[in-house]
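# Chains, contacts and geometry: an overview
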Amino acid sequence: QFRHFLWLEVLVRTDEVYKKFSGWVESKLRILIMQFESVAGMQIHPNPLQYDLCGSDPDWPLGCGMFIALLFSAEAGAHPGITVDLRGPLQRFMEVINQWADKDAYAGQFKLRLRRIKRSELPEYALDPEAAQRRRTAAGPWKKRAAPGDEVAAAVAAPNGSGTSPIGDPSVKRVRVVESK
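What you see is a predicted model, and the numbers here were worked out from it, not measured in a lab. (Residues numbered from 1 in each chain as written. Predicted model: local features only at pLDDT ≥ 70, side-chain atom pairs only at ≥ 80, totals over all residues. Heavy atoms only, no water.)

### Let's talk about the packing of aromatic side chains
In this description, an aromatic ring pair is defined by two values, namely the gap between the centres and the angle between the planes. If you walk through the whole model with that rule in mind, you get 7 aromatic pairs. Taken together, a centroid distance of 5.9 Å and an interplanar angle of 15 degrees make the contact between Trp100 and Tyr106 stacked. For the pair Trp100 and Tyr106, a shared accessibility class is recorded, and that class is buried. Note that Arg13 overlies the ring of Trp60, its terminal NZ or CZ placed 3.8 Å from the centroid. The ring of Trp24 has Lys28 sitting right over it, with the charged end atom 4.5 Å from the ring centre. (Phe/Tyr/Trp six-rings, centres within 6.5 Å; stacked < 30°, edge-to-face > 60°. Buried < 20%, exposed > 50% of the residue type's maximum accessible area, 1.4 Å probe, protein only. Lys NZ or Arg CZ within 6 Å of the ring centre and 35° of its normal.)

In structure tokens form, the structure reads like this:
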């Protein structure tokens, strides 16, 4: 069971922009993953699903949410009081995202929101995709939609391949994470 996640939300105003911008972001996620893999004290596990936002943001009618599970453990080099700085990897990822060739043509029609959240802050659409799908308005085709019953916790497999998701080393009680706002 993971306690921390990086929550990426692709927010758009039209189907056309969704297809183009979400494809761009998805194609560049490996860059962020590689950056995170070099951060001492942290293990990651990306969830490959894109969760339909189901109208959860009134200003952005279309979009998807994606999640990367973050695990701070002694095995990864974490210890009580360590500061894990995510600013560098996040800034480099955003520099790549900002190179999107169509950004000027679609100015004001797309947004990428990144937040580090705790498990208790996971949005409803990720915890209960089936209920969220029932409330979803008709919104064009989506790639890799979360199927009913796919919860973030279940969809993010254990980094050790055991089929269980470890919480992390119990001796690592507090980790301070620094990130850009």
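### Some details on the pattern of salt bridges
By the definition in use, this model includes 5 salt bridges. As a salt-bridge pair, Lys20 and Glu16 come within 3.6 Å of each other at their nearest N and O atoms. A residue pair is termed a helical-turn pair when its members lie 3 or 4 positions apart in one helix, as Lys20 and Glu16 do in helix H1 (residues 15–37) at 4 residues. You can call Lys20 partly exposed: its relative accessible area is 37%. The class of Glu16 is partly exposed, set by a relative accessible area of 44%. One salt bridge in this structure joins Arg113 and Asp57, with 2.8 Å as the shortest N-O distance. Pair noted here: Arg113 is in strand E5 (residues 110–118) and Asp57 is in the loop between strand E2 (43–52) and strand E3 (62–71), with a separation of 56 residues, a long-range link. On the basis of relative accessible area, Arg113 is assigned to the partly exposed category, the value being 25%. Residues joined in a network through salt bridges with shared partners are Glu9, Asp57 and Arg113. (Salt bridge = Lys/Arg side-chain N within 4 Å of Asp/Glu carboxyl O. Helix = DSSP H or I, 4+ residues; strand = E, 2+ residues; numbered from the N terminus.)

### With respect to H1
Here H1 is 23 residues long and its end C-alpha atoms lie 33 Å apart, about the 33 Å a rise of 1.5 Å per residue gives. Remark: the principal bend of H1, roughly 35 degrees, maps to Lys28. For H1, the full list of buried residues reads Val17, Tyr18, Phe21, Ser22, Trp24, Val25, Leu29, Leu32, Ile33, Gln35 and Phe36. In this structure, the buried side of H1 is in contact with strand E1 (4–12), E2, E3, helix H2 (87–97) and E5. (Expected span 1.5 Å × (residues − 1). Bend = angle between axes of the 7 residues up to and from the residue. Contact = heavy atoms within 4.5 Å.)

### Brief notes about the sheet that holds E3
In a beta sheet, neighbouring strands pair by backbone hydrogen bonds and run either parallel or antiparallel. With respect to topology, 4 strands assemble into an open sheet ordered E2-E3-E1-E5, the strand pairing being antiparallel. Lying at the two open borders of the sheet, with one neighbouring strand each, are E2 and E5. Pairwise comparison of adjacent strand axes, ignoring direction, gives a mean angle of 15 degrees for this sheet. Where E2 and E3 come together, 7 bridges link them in antiparallel fashion. Note that in E3 the partner of Ile44 across the bridge is Leu70. In this fold H1 packs onto E1, E2, E3 and E5, with an angle of close to 155 degrees to the strand it touches most, E1. Contacts from H2 reach E1 and E5 within the one sheet, and its direction differs from that of E5 by about 165 degrees. (Pairing = 2+ DSSP bridges. Axes fitted to C-alpha atoms, helices over the stretch in contact; angles between N-to-C directions.)

### A word on the packing of H1 against H2
Two elements in contact, H1 and H2, have axes separated by 9 Å at closest approach and are oriented at 150 degrees. When the axis of H1 is compared with that of H2, the two are roughly antiparallel. Crossing hand, H1 versus H2: right-handed. Counting all contacts with H1, which are made through Phe21, Trp24, Val25, Lys28, Leu29, Ile31, Leu32, Gln35 and Phe36, the residues of H2 involved are Pro89, Leu90, Arg92, Phe93, Val96 and Ile97. (Parallel < 35°, antiparallel > 145°, perpendicular 65-115°, else oblique. Left-handed = near helix turned anticlockwise from the far one by under 90°.)

### Brief notes about H2
Along H2, the positions that sit buried rather than exposed are Gly88, Pro89, Leu90, Phe93, Val96 and Ile97. Structurally, H2 contributes buried residues whose contacts are with E1, H1, strand E4 (83–85) and E5.

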